[in-house]
Amino acid sequence: MPGLAVIIVGEDPASQVYVRNKERACEECGIYSEKYALPEETTQEELLELIDTLNNKSSISGILVQLPVPKHIDEKTIIDAINPNKDVDAFHPVNVGKIMVGNYDFVPCTPAGVMELIKESGIDVSGKECVIVGRSNIVGKPQAMLLLHQNGTVTICHSKTKDLKEKTKNADILVAAVGIPNFIKGDMIKEGAVVIDVGINRLENKKLCGDVEFETAEKVAGAITPVPGGVGPMTIAMLMKNTVKAAIINKSK
Ligand code: L34
């Protein structure tokens, strides 16, 4: 039976919404879940102890520590402590390495969600110019690998990239994962391109907006994802998929 443990440390309002959405998805899918909402003051040792307990708990097939964690906790130490067979985020170095060589069980949820959107829209990646703006370990880097595995020609752009517009204008598939509201404008997009907006930014008026300026982008793009209601819900769907996979993997161990 699949079982997911979700740990959240502190009171970050955005993280609380995402974790609530994950719990709700578990309920909808009939997946058993445990939520650990720990106070901001939780020490790294306490968090490591909880992870150790969950690593050894047979009713739990997947463990997720919602990021970011408070500053006094080292993110890398936490990720390294999760049993790779229960690492439904695919953030552990063992799983990251497996993605690199193309032999993997878990795919990180957000890039996996992007690939699913592409596939379900009937878009063939092979030979396409794929441009990713953003190089995070959570999205940009694994996204590049997944597109590469499907024979895309992949370019990763970041804050030091020269002539960004020239690069994005060349993209048949453009993935925006920079975390800057409305960063990608319509004039940076090639006519007919597939535009996938991974950004979730909260404006001062509490409204959510993506990394892509939707109004100008939708006029040029052939296909485009909205925010909210685009990649975010797909991230959660892929988490459910990874949790079921984890149950199968851990059953045979
Ligand atoms: N460990 N930390 C870990 N795993 C993850 O996969 C994540 N991520 C990112 C942040 N930290 C993480 C998420 O869960 C981003 N993320 C995430 C998940 C769900 C949604 C957004 C980001 C989501 O539900 N988005 C809704 C709107 C939610 C709202 O109203 O704020 C949407 O429609 O986009």
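In the block above lies the structure referred to throughout.
Residues numbered from 1 in each chain as written. Predicted model: local features only at pLDDT ≥ 70, side-chain atom pairs only at ≥ 80, totals over all residues. Heavy atoms only, no water.

Draft legend 1. A look at the nonpolar core. I118, L147 and V175 are the most contacted members of the largest nonpolar core, which has 40 residues in total. Contributing elements (two or more residues each) for this core: β1 (3-9), α1 (13-29), α5 (109-120), β4 (129-133), α6 (140-149), β6 (173-176), β7 (194-197) and α9 (231-251). Setting aside its immediate chain neighbours within four residues, L147 contacts M115, I118, V125, C130, I132, G152, V154 and V175. Core analysis: the second largest hydrophobic core is formed by 18 residues, L50, L54, I63 and I79 among them. (Core = buried A, V, L, I, M, F, W, Y, C linked by side-chain atoms within 4.5 Å. Buried < 20%, exposed > 50% of the residue type's maximum accessible area, 1.4 Å probe, protein only. Helix = DSSP H or I, 4+ residues; strand = E, 2+ residues; numbered from the N terminus. Contact = heavy atoms within 4.5 Å.)

Draft legend 2. Layout of the site of the ligand. Surveying the vicinity of the ligand reveals 18 residues, the closest of which are K22, V65, D89, R202 and G229. A distance of 2.6 Å separates an oxygen atom of the ligand from a polar side-chain atom of R202. At 2.6 Å from an oxygen atom of the ligand is found a main-chain nitrogen or oxygen belonging to G229. Taken by itself the ligand offers 680 Å² of open surface, and the protein chains cover 84% of this. Contributing elements (two or more residues each) for the shell around the ligand: α1 and α9. (Near = heavy atom within 4 Å. Polar contact = N/O pair within 3.5 Å; in protein donor to acceptor, adjacent residues only side chain to side chain. Areas by Shrake-Rupley, 256 points an atom, 1.4 Å probe, with all protein chains shown as cover.)

Draft legend 3. Seen up close, the sheet that holds strand β3 (residues 62-65). Strand order in the open sheet formed by three strands is β2-β1-β3, with parallel pairing between adjacent strands. For this open sheet the edge positions go to β2 (32-38) and β3, each flanked by a neighbour on one side alone. Averaged over all pairs of adjacent strands, the angle between strand axes in this sheet comes to 15 degrees, irrespective of strand direction. In the sheet, β1 pairs with β2 via seven bridges, with the strands oriented parallel. Across the sheet, residue L4 finds its bridge partner in β2, namely S33. Packing of α1 onto the sheet brings it into contact with β1, β2 and β3, and relative to β1 it is tilted by some 165 degrees. Packing of helix α2 (residues 44-55) onto the sheet brings it into contact with β1, β2 and β3, and relative to β1 it is tilted by some 180 degrees. (Pairing = 2+ DSSP bridges. Axes fitted to C-alpha atoms, helices over the stretch in contact; angles between N-to-C directions.)

Draft legend 4. How the structure looks around unusual backbone geometry. The linkage connecting L67 with the following residue, P68, adopts the cis geometry, with an omega of 0 degrees. Along the chain, P68 turns up in the loop between β3 and α3 (75-81). Going from V227 to P228, the amide bond is cis rather than trans, its omega being -5 degrees. Tracing the backbone through its elements, the reader meets P228 in the loop between β10 (223-224) and α9. Non-glycine residue A90 carries a positive phi angle of around 60 degrees. As for its position among the elements, A90 is in the loop between α3 and α4 (93-101). Of note in the backbone geometry, D163 takes a positive phi value of approximately 50 degrees without being a glycine. With respect to the secondary-structure elements, D163 resides in the loop between β5 (153-157) and α7 (164-169). Taking the relative accessible area as the measure of exposure, D163 reaches 54% and is therefore exposed.

Draft legend 5. Structural context of the side chain of Q143. Relative to the elements of secondary structure, Q143 occurs in helix α6. Judged by its relative accessible area of 0%, Q143 is buried.

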